[in-house]
Amino acid sequence: MNLELQQFKADFFKALGHPLRIRILELLSEGDKNVNELQSLIGSEGSAVSQQLAILRSKNIVYGTKDGNKVTYSLRDPMIIELLSIARQIFNNHLIDAISMLDRFNEE
């Protein structure tokens, strides 16, 4: 059981391991969007956005709902929003540590 959970976590974080996928998740945390909306907001080619969405779909992080010829994407689990927020807090903590280190260095 532990090995399966560890593998799930590794695969999950691998799926998050691309800046464009993180950006897509940040945008979807604001609300559901289709590929054209994501492409416009990101300023990236549709094929690049579609490729990254396919990876997120394959790991069950997002899902698409077809409406005519458009597919609207949503976060599968709203806890992704919390995860992104925690990652931001960790980033801020690293910045605070770096600033403190620079301050100490400048005082010497």
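Residues numbered from 1 in each chain as written. Predicted model: local features only at pLDDT ≥ 70, side-chain atom pairs only at ≥ 80, totals over all residues. Heavy atoms only, no water.

Identification of the chain as ArsR family transcriptional regulator from Brevibacillus choshinensis is taken from an unreviewed UniProt entry.

> What is the right way to read the packing of helix α2 (residues 19-29) against helix α5 (residues 79-107) from this model?
The axes of two packed helices give the description: the angle between them and the distance between them. For the pair α2 and α5, the least separation of the axes is 10 Å and the interaxial angle reads 120°. Between α2 and α5, the interaxial angle falls into the category oblique. The crossing of α2 and α5 is left-handed. Each of Ile22, Leu25, Glu26 and Ser29 in α2 lies in contact with α5, whose residues at this interface are Ile80, Ile81, Leu84 and Arg88. Its residues placed into classes, the contact of α2 with α5 shows five nonpolar, one polar and two charged. (Axes fitted to C-alpha atoms, helices over the stretch in contact; angles between N-to-C directions. Helix = DSSP H or I, 4+ residues; strand = E, 2+ residues; numbered from the N terminus. Parallel < 35°, antiparallel > 145°, perpendicular 65-115°, else oblique. Left-handed = near helix turned anticlockwise from the far one by under 90°. Contact = heavy atoms within 4.5 Å. Nonpolar A, V, L, I, M, F, W, Y, C, P; charged D, E, K, R; others polar.)

> What exactly am I supposed to notice about the packing of aromatic side chains here?
In this description, an aromatic ring pair is defined by two values, namely the gap between the centres and the angle between the planes. According to the stated counting rule, one finds two aromatic pairs in the structure shown. Each ring, one from Phe8 and one from Phe12, has its centre 6.0 Å from the other, and the planes form 20°; the classification is stacked. With Phe8 and Phe12 both in helix α1 (residues 2-15) and four residues apart, the pair spans about one turn of that helix. Every member of this aromatic cluster is reached through a ring pair, and the members are Phe8, Phe12 and Phe13. (Phe/Tyr/Trp six-rings, centres within 6.5 Å; stacked < 30°, edge-to-face > 60°.)

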